[in-house]
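Descriptive structure summary
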Amino acid sequence: MIFRTVAMIGALLAATLGEHAGWAQSPPQTLAARSILLVPDAVFDGRDGVVHEGWRVLVRGDRIMAAGPAITAPADAEIITLPGTTLLPGLIDAHVHLFLHPYNETSWNDQVLKEPLALRTLRAGANARVTLMAGFTTVRDLGTEGAGYADVGLKAAIAQGIVLGPRVLVATRALVATGSYGPKGFDPDVDVPQGAEEADGEALVTAARRQIGRGADVVKLYADYRWGPGEDSRPTFSIAEMRAVVEAAHAAGRTVAAHASTPVGMRRAVLAGVDSIEHGNDGTAETFALMKARDTAFCPTLAATDAIEHYRGWNGATPEPAAIIAKRISFQLALKAGVRFCVGGDTGVFAHGNNVRELELMAAWGMPRAAVLLAATSGNAAVLGRSDQIGKIAAGMLADMIAVAGNPEQDIAALRSIILVMKGGTIVKDR
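Residues numbered from 1 in each chain as written. Predicted model: local features only at pLDDT ≥ 70, side-chain atom pairs only at ≥ 80, totals over all residues. Heavy atoms only, no water.

So, on to the nonpolar core. With 67 residues, the main nonpolar core has Ile277, Leu359 and Leu415 as its most contacted residues. Setting aside anything within four residues of it in sequence, one finds Leu415 in contact with Leu88, Leu91, Ala134, Val356, Leu359, Leu373, Val404 and Pro408. (Core = buried A, V, L, I, M, F, W, Y, C linked by side-chain atoms within 4.5 Å. Buried < 20%, exposed > 50% of the residue type's maximum accessible area, 1.4 Å probe, protein only. Contact = heavy atoms within 4.5 Å.)

And the structure:
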C-alpha cells in the first residue's frame, strides 16, 4: 500500500508541475534573455584538463555563447568580474541519495521504516538546495531508499523552479533480488517495507520497464548484497537477468548502474553490459581489467566508506580500518588499470553539501587533480549520457558554471570556496 501511495504522490506532482518538465529545463525566465560576460582570472573548461588564464565566458539566456581569451561583450551585456577565481563547469555528482541523511543522525533502517514520506520529501528538497549551493549543478540520484517515486516529483519541482536544486536524473526505487535487501532483523512472518523493489527472472525486466515508465532516467541494479545481517556481500542476480534489464533499459534510452562490491558481482554486471559499477570495494586487477576492456565506468564512492568508518569511531589517522585499506587497494588497482572514472560519493550516507569530499579523497589517494576535475565535469556528463548539454564550458552548452576562489587544479580544496553558481544562465549564488 505504501508504494501505491508514493507512486500516486509522484504522479500527481509530475502532472501538476507539467507533463513535459524536461530534465534540461531551466527555471522560467521572468526577463527577456540577456547577455552576461563572466571575467574570472582563469577558466577550466572541462575539455583539456588545463586552467586557461585570461579567458572569458559569454552567456546568453541559458546557453554559453563563447569562451576564450578574446571574447568581447555585446553592448547590452552585464559584465561580472570575478577576481582571484577560476571558472569551471558546474560540478556533477553521479551518486547521491537526496532522500537520505547521515547515518550518524538516524540509522538507515529508521529512515526507511519510521520517517514519514512528507518529512523525507521536504528534507530531500532542502538537500537539493544545499547541493546546488555547494557547486553541484547536476546529480544522479541512485534510489529513494523506500520513498518510492517521490524523486520524480522532486525532479519536476526543481525543473519548474518551485524548489531550488541541481538538475536531477532519478533511479526511483532501484531493483534488488528478492530477500537480499533490507531493512532486516525482523520476524520473518512480518512483511517489512523494503528500501528497493524486489524482482527476479522475467519479472525483473517488467519491474525495470515499470520504473522507466514512471519516470526513471537510470535503472539501478544491486548485483550483490548481504543476504543476512552481519554477512559479507554475495552475488544476487545472474548475468542473464542483468543482461535482459540492460537491453530493455538501453532500448528505452536509459543507462544502467550496478551496485557491486564483490569480484563476482562486478564481473557479472560488467559482462551483462551495465554502464557503471558503483562501489567496487573488493575489486581485483582482473575485474578492473575487464571494466577497462568493456569501457565500464567506475564510481568508487570513497567518501561513503570514509564516513561510515568515522561513524564507527575511526579518527582519520593510522591505523586505518580494514575497510579503508581495502578501499585504497581497489582504488589503486582501478587507477593502474586505467578505467574510466565517474565521481560520486554516495552522498546522503554523509551530509549533502559536502559532496566535494569525494573529489578530495580521490586526489589525496593518488588521482591527478586535473583528472579528478575532468571526471567530475565532462567525465560524469558522458557517464550520464548528457555530454551534449553539460560538463563543458563551450559554445552551445547549458550555462551551468561555478567560480571558486583560487585554482582547484593546484589545490582541490578550492572547490569549497564557492563564489558564484550559475545554473542555466541564472545566477543562483553570488557571494
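Following the sequence through the fold, Gly54 ends up in the loop between strand 2 (51-53) and strand 3 (56-60). Take Gly54: its relative accessible area is 41%, and that puts it in the partly exposed class. Counting along the chain gives 16 residues from Gly54 to Ala70, while the straight-line C-alpha distance between them is 8.7 Å. Excluding residues within four positions of it along the chain, Gly54 makes contact with Asp41, Ala42, Gly68 and Pro69. (Helix = DSSP H or I, 4+ residues; strand = E, 2+ residues; numbered from the N terminus.)

The next subject is the pattern of salt bridges. Throughout the structure, instances matching the rule amount to 18 salt bridges. In this structure, Lys114 engages Asp110 in a salt bridge whose closest nitrogen and oxygen atoms are separated by 3.6 Å. Residue Lys114 and its partner Asp110 are located together in helix 2 (residues 108-114), separated by 4 residues, close to a single helical turn. Take Asp110: its relative accessible area is 28%, and that puts it in the partly exposed class. (Salt bridge = Lys/Arg side-chain N within 4 Å of Asp/Glu carboxyl O.)

The set of residues buried in helix 7 (residues 263-272) consists of Gly265, Met266, Ala269, Val270, Leu271 and Ala272. Considering only its buried residues, helix 7 is in contact with strand 12 (224-225), strand 13 (234-235), helix 6 (239-251), strand 14 (255-260), strand 15 (276-279) and helix 8 (285-294).

What follows concerns the confidence of the model for the protein. Close reading of the predicted structure is inappropriate where its pLDDT is low. Put simply, the protein has an average pLDDT of 93, and 93% of its residues get 70 or more. Averaged pLDDT values for the elements of the protein fall to 41 in helix 1 (residues 2-17) and rise to 99 in strand 6 (residues 91-96). Ignoring residues within four places in sequence, the model shows residues 1-21, a span with pLDDT below 50, making 26 contacts including any to other chains. With pLDDT under 50 throughout, residues 27-31 is counted as low confidence; its partners more than four residues away or in other chains account for 5 contacts. (pLDDT = per-residue confidence, 0-100.)

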